[in-house]
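Per-entry structural report
These are the residues of each chain, in order.
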Amino acid sequence: MPADDSSDIHCRLDELLEARGMTLTELSRRVGVSLVNLSVLKNDRAKAIRFSTLTAICDVLDCQVGDLLVTTRAKM
């Protein structure tokens, strides 16, 4: 089966930031990840994420991985 560029994973970063009254710039500063890289993640264009980055984001946002990343695939 050929690789597909689309993903069934959605990043809920916008919703979590809004709920916490935090900007992407502030998250970038606190996590130590570039604004560009967080923007790629936020807009569902990321192909991969390091566990250390994922952990740092979840620590700052006080959330679990499942709060940040959700699947959008229809369940059969």
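Per chain, the residues get numbers from 1 upward, laid out in the order the sequence is written. Confidence filtering applies because this is a predicted model: local features only for residues at pLDDT of at least 70, side-chain atom pairs given and counted only at 80 or more, and all residues used for totals across whole chains, interfaces and linings. Remark: hydrogens and water are excluded; side-chain values derive from all non-hydrogen atoms of the structure.

Only runs of H or I of at least four residues qualify as helices and only runs of E of at least two qualify as strands under DSSP, and these elements are numbered from the N terminus. Helices and strands together make up the secondary structure of the protein chain, namely 5 helices and 2 strands. Along its sequence from the N terminus, the protein chain presents helices and strands in the succession β-α-α-α-α-α-β. Accessible surface for the protein chain amounts to roughly 5,600 Å². Of this, 52% is attributable to carbon and sulfur atoms. Under the convention used here, a 1.4 Å probe and the Shrake-Rupley method define accessible areas, while residue burial counts only the protein chains that appear.

What follows covers the pattern of salt bridges. Within this document, salt bridges are pairs made up of a side-chain nitrogen of Lys or Arg and a carboxyl oxygen of Asp or Glu, the two lying within 4 Å of each other. Enumeration according to the criterion identifies 4 salt bridges in this entry. Linking E15 and R12 is a salt bridge whose minimum nitrogen-to-oxygen distance equals 3.1 Å. Between D14 and K42 there is a salt bridge; the shortest N-O distance is 3.7 Å. Placement of the pair is D14 in helix α1 (residues 13–20) and K42 in helix α3 (residues 35–42), with a sequence separation of 28 residues.

Only protein atoms enter the 1 Å grid, on which a cavity is a set of points fitting a 1.4 Å probe that cannot get out and a pocket is an open set with protein on both sides within 12 Å along at least 5 of 7 lines, lining residues being those with an atom within 4 Å of a point. Grid points are joined across faces, edges and corners, and a volume is the space filled by probe spheres set on the points. For the second largest pocket, the calculated volume is near 180 Å³. V33, N37, L38, V40, L41, A46, A48, I49, R50 and T53 are the residues that line the second largest pocket. For the lining of the second largest pocket, the element with the highest residue contribution is α3, accounting for 4 residues. Its residues assigned to classes, the lining of the second largest pocket shows 7 nonpolar, 2 polar and 1 charged. The classification used treats Ala, Val, Leu, Ile, Met, Phe, Trp, Tyr, Cys and Pro as nonpolar, Asp, Glu, Lys and Arg as charged, and all other residues, Gly among them, as polar.

Relative to the helices and strands, C58 resides in helix α4 (residues 51–61). Buried means the residue's accessible area, taken with a 1.4 Å probe over protein chains only, is under 20% of the maximum for its type, while exposed means over 50%, and partly exposed covers the values in between. Looking at C58, the relative accessible area reads 8%, which means it is buried. C58 sits 27 residues away from V31 along the chain, and the two C-alpha atoms are 9.5 Å apart. By definition in these notes, contact holds between two residues if any of their heavy atoms fall within 4.5 Å. In this view, C58 contacts C63, Q64, V65 and L68; residues no more than four positions away in its chain are not counted.

Our next topic: the side chain of S28. Relative to the elements of secondary structure, S28 occurs in helix α2 (residues 24–31). Apart from residues no more than four positions distant in its own chain, S28 is found in contact with V33, S34, L35 and L38.

Angles run from 0 to 180 degrees between N-to-C directions of axes, and those axes are lines fitted to C-alpha atoms, restricted for helices to the stretch in contact. Interaxial distance between α2 and α3 falls to 9 Å at its minimum, and their mutual angle equals 120°. When the interaxial angle is binned, α2 and α3 end up oblique. Here α2 runs over α3; the crossing is right-handed. The segment α2 lies against α3, with L24, T25, L27 and S28 engaging L35, L38, S39 and K42. Here the residues of the contact of α2 with α3 sort into 4 nonpolar, 3 polar and 1 charged. In this scheme, roughly parallel covers angles under 35 degrees and roughly antiparallel covers those over 145, while 65 to 115 is roughly perpendicular and the rest are oblique. Should the near helix be turned anticlockwise from the far one by less than a right angle, the crossing is left-handed, and should it be turned clockwise, the crossing is right-handed.

This is a description of form; function is not addressed.
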